[in-house]
There are 2 protein chains.
Amino acid sequence: MVYYVAVDIGGTHMRVALFAADGQKPLRRERVPTLGPQPPEVRLVALLRRIWPSDGMVQGIGVAAPGPLDPYRGVILATPNIPAWRNFPLADHLRAAFGVPVVVDNDANLAAWGEWRYGAGRGCRHMLYVTVSTGIGAGVIVDGRLLHGARGLAGELGHVAVVADGPRCGCGQRGHLEALASGTAIARRARAALAAGAVSTLADLSALPTSADVARAAQAGDGLAREIMTTAAGHLGRALAGFLHIFNPERVVLGGGVVQAGEVFWRPLEDALRQAVMHPAYLDGVLLTRAALGDDAGLLGALALVRAK
Amino acid sequence: MVYYVAVDIGGTHMRVALFAADGQKPLRRERVPTLGPQPPEVRLVALLRRIWPSDGMVQGIGVAAPGPLDPYRGVILATPNIPAWRNFPLADHLRAAFGVPVVVDNDANLAAWGEWRYGAGRGCRHMLYVTVSTGIGAGVIVDGRLLHGARGLAGELGHVAVVADGPRCGCGQRGHLEALASGTAIARRARAALAAGAVSTLADLSALPTSADVARAAQAGDGLAREIMTTAAGHLGRALAGFLHIFNPERVVLGGGVVQAGEVFWRPLEDALRQAVMHPAYLDGVLLTRAALGDDAGLLGALALVRAK
């Protein structure tokens, strides 16, 4: 039998799955925490051995990893959650361990690719994928191809300044979309408002509010929470208008926990987007939709990547 | 003999040129003001007849026109300087008049394409072209192909918000890069400062200052003029950092009158760009350079487009 193996290296867990030559349902899957007593690359090899088939040929391994990384060489340049991996040749390491072809790409790029091949992006040629959770990740499909750029670092739509001298971003710069519309930004605004004495049901929680708490409070009608969700969604909507002017896609796929807040996020998002496009032609026929693959988007993108090799 | 015809429709002039099967020097060229007593499409046909060869075959006409337009159908959707052209089928009109294939694309896209084929972009695969004059036009080359998007409206890097609720842009939106770093924005800031009583050599001019006046005054050491150029260049530099995160190009080509101001523009531009990238890898090997084709970039892009048909 012929197999493919897909890997998704997240901030908290490393996940691996074994797939048949075709089909998107894994035959086996396993996961472990990303950080532990041994180096992450040792833990990853051990994890892969647990799903490795004894009865056939693995054609290759596809890996979704946090960036910045070099997908052409399969090298992790730096990744905030795995300090040991600086200029780490992940593809070479796995190739040496298993003797099969290995392809590595940015997790958000591969989530975009997964959604495009198997999820909410099927059937279109020009797609933006933006995932809004702790940070804001993104990937872009241009005429049926993943946008990589000269060194594979393209597609970082979360790291574009939308407010001059705005709040500090996870990357160290200021005013990036990620610093204004991510779950982290939503939670930070709520905590700052409570610290400043704002009246809100969020003050009744037993812990500091998370972005999920803010979403729930907004759904229940809390004024502060609604205002915070509206502000974050407005930033995302105005940024999306700029991305429509840049890419003129036919589909925009939004993933991540924050966009699951429903109306309290989507309505101000769509209002801001509609008001900020410079010509109605940019919205003509554009489908703005929820991602379909959930947490498996990166894994399935890694699968699509290694199958295409 | 075999010929190609290229057309560049600008805000003030329509220009046409006749080219041989290869070579970038026009055999004949003509121009007329864009607006006049007759409709622009009638004037354009008459202009083309003046350069049309009697001794051979024209293989096709390539047209650079102001957008927004539909390059797939050759239809001008709307263009501020030619109010009569609303949903105007320019390609069909010229095809009917001359009986040859006609291709139409956005002037900034074609200037990018011209620079990539024949100018400052030769030999690279991933390039941004930004032209800073009255407005800010742009075009993007992704892996050797012009970025068009689903309906050919992509590449509008000048119409991305860089300051929330910033000054009004020519497109009607607020805070776009064009509203902060174009020649129009530079002149507007200088005029506003003078009206508010700022001390500057610009106050000694016999007319309201243009952006070229501001550039000259900055070169001569005028404090207000230097501050205005620094601010505009800073906006462009920070926006370029975002575009590097989005596209990860290997070359950035800057055209238009404003970037000819020299050090007073380029030094703050490069400083802002360097400070605003989120990882040095985005600048690694990136060449930031002046456009090479001047006013002929659009015409030569139209030539490259029709030759490739």
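From a predicted model like this one, the values you see are computed outputs, not experimental measurements.

Attention shifts here to the packing of aromatic side chains. All names here are of chain A. Scanning the entire structure with this criterion turns up 7 aromatic pairs over all chains. An angle of 25 degrees between the planes, with centres 5.0 Å apart, marks the rings of Trp 113 and Trp 116 as stacked. Of this pair, Trp 113 and Trp 116 are both found in helix α3 (residues 107-118), 3 residues apart, which corresponds to roughly one turn of the helix. Look at Trp 113 and you get buried, because its relative accessible area is 14%.

So, about the relation of the copies chain B and chain A. Rotating chain B by 180 degrees and translating it 0.0 Å along the rotation axis places it on chain A, where the RMSD comes to 0.0 Å. The operation mapping one copy onto its partner corresponds to a two-fold rotation axis. A shared interface surface links the copies, since 100% of the contact residues of chain B are contact residues in chain A too.

Bringing the packing of helix α3 (residues 107-118) of chain B against helix α9 (residues 297-308) of chain B into the picture now. Residue and element names in this part refer to chain B. For the pair α3 and α9, the least separation of the axes is 7 Å and the interaxial angle reads 80 degrees. By the angle between their directions, the pair α3 and α9 is classed as roughly perpendicular. Counting all contacts with α3, which are made through Asp 107, Leu 110, Ala 111, Trp 113, Gly 114, Glu 115, Arg 117 and Tyr 118, the residues of α9 involved are Ala 297, Gly 298, Leu 300, Gly 301, Ala 302, Leu 303, Ala 304, Leu 305 and Arg 307. Looking at side-chain class alone, the contact of α3 with α9 contains 10 nonpolar, 3 polar and 4 charged residues.

Looking now at the interface of chain B and chain A. Contact residues are listed per partner, giving 43 residues for chain B and 43 residues for chain A. At the boundary of chain B with chain A, total buried surface from both sides reaches about 3300 Å², with 59% on carbon and sulfur atoms. The largest share of the area that chain B buries against chain A comes from Ile 246, Asn 248 and Met 278 of chain B, three residues that together contribute 18% of it. The interface formed by chain B and chain A holds 4 salt bridges in total.

We now examine unusual backbone geometry. In the segment running from Gly 67 of chain A into Pro 68 of chain A, the intervening peptide bond is cis, with an omega of 0 degrees. Positive phi is not limited to glycine here, since Asn 87 of chain B has a value of about 50 degrees. Secondary-structure assignment places Asn 87 of chain B in the loop between β6 (75-76) and α2 (90-98).

This part takes up the pairing of strand β8 (residues 127-132) of chain A. Residues and elements named next belong to chain A. Burial analysis of β8 places 6 of its 6 residues in the buried class, which makes it a mostly covered element. Of the two faces of β8, the one lined by Met 127, Tyr 129 and Thr 131 and the one lined by Leu 128, Val 130 and Val 132 are each fully buried. Bridge count for β8 against strand β9 (residues 136-142) is 6 bridges, and the pairing is antiparallel. Of the residues in β9, the one forming a bridge with Thr 131 is Gly 137. What sits between the antiparallel neighbours β8 and β9 is a turn of 3 residues. Note: β8 against strand β11 (residues 251-255), 5 bridges, orientation parallel. By the bridge assignment for β11, Val 130 is matched with Leu 254.

Next up on the list: the side chain of Asp 8 of chain A. Along the chain, the position of Asp 8 of chain A falls in strand β1 (residues 2-9). Residues in contact with Asp 8 of chain A, not counting those within four places in the same chain, are His 13, Met 14, Arg 15, Ala 64, Asp 107, Asp 295 and Leu 299 of chain A.

With that out of the way, let us pick up helix α9 (residues 297-308) of chain A. All names here are of chain A. Compared with the 16 Å implied by 1.5 Å per residue over 12 residues, the 16 Å span of α9 between its first and last C-alpha is a close match. For α9, a buried count of 11 out of 12 residues is recorded, marking the element as mostly surrounded by other parts of the structure. When we look at burial in α9, the residues that qualify are Ala 297, Gly 298, Leu 299, Leu 300, Gly 301, Ala 302, Leu 303, Ala 304, Leu 305, Val 306 and Arg 307.

Residue and element names in this part refer to chain B. Read across the open sheet, the 5 strands follow the order β10-β9-β8-β11-β12; overall the sheet is mixed. The open sheet has two edge strands with one neighbour each: β10 (145-146) and β12 (287-290). Across the sheet, helix α7 (residues 223-247) lies against β8 (127-132), β9 (136-142), β11 (251-255) and β12, angled at about 155 degrees from β8, the strand it touches most. Contacts between helix α8 (residues 263-276) and the sheet are confined to β11 and β12, with β12 contributing the most and set at about 160 degrees to the helix.

Quick look at the sheet that holds strand β3 (residues 28-33) of chain A now. Residues and elements named next belong to chain A. Read across the sheet, 5 strands follow the order β3-β2-β1-β4-β7 without closing on themselves; strand pairing throughout is mixed. Among the strands making up the open sheet, the edge pair consists of β3 and β7 (102-106). Along the sheet, successive strands turn relative to each other by an average axial angle of 15 degrees, direction set aside. Contacts from helix α1 (residues 40-51) reach β1, β2 (13-20) and β3, with the element oriented near 155 degrees to β3. The sheet strands contacting α3 are β1, β4 (57-65) and β7, and the helix crosses β7 at an angle near 100 degrees.

Conventions used here
- Residues numbered from 1 in each chain as written.
- Chains lettered and ligands numbered in written order.
- Predicted model: local features only at pLDDT ≥ 70, side-chain atom pairs only at ≥ 80, totals over all residues.
- Heavy atoms only, no water.
- Phe/Tyr/Trp six-rings, centres within 6.5 Å; stacked < 30°, edge-to-face > 60°.
- Helix = DSSP H or I, 4+ residues; strand = E, 2+ residues; numbered from the N terminus.
- Buried < 20%, exposed > 50% of the residue type's maximum accessible area, 1.4 Å probe, protein only.
- Least-squares fit on C-alpha atoms with pLDDT ≥ 70 in both.
- Contact = heavy atoms within 4.5 Å.
- Axes fitted to C-alpha atoms, helices over the stretch in contact; angles between N-to-C directions.
- Parallel < 35°, antiparallel > 145°, perpendicular 65-115°, else oblique.
- Nonpolar A, V, L, I, M, F, W, Y, C, P; charged D, E, K, R; others polar.
- Buried area = accessible area lost by both parts, 1.4 Å probe.
- Salt bridge = Lys/Arg side-chain N within 4 Å of Asp/Glu carboxyl O.
- Pairing = 2+ DSSP bridges.
- Expected span 1.5 Å × (residues − 1).

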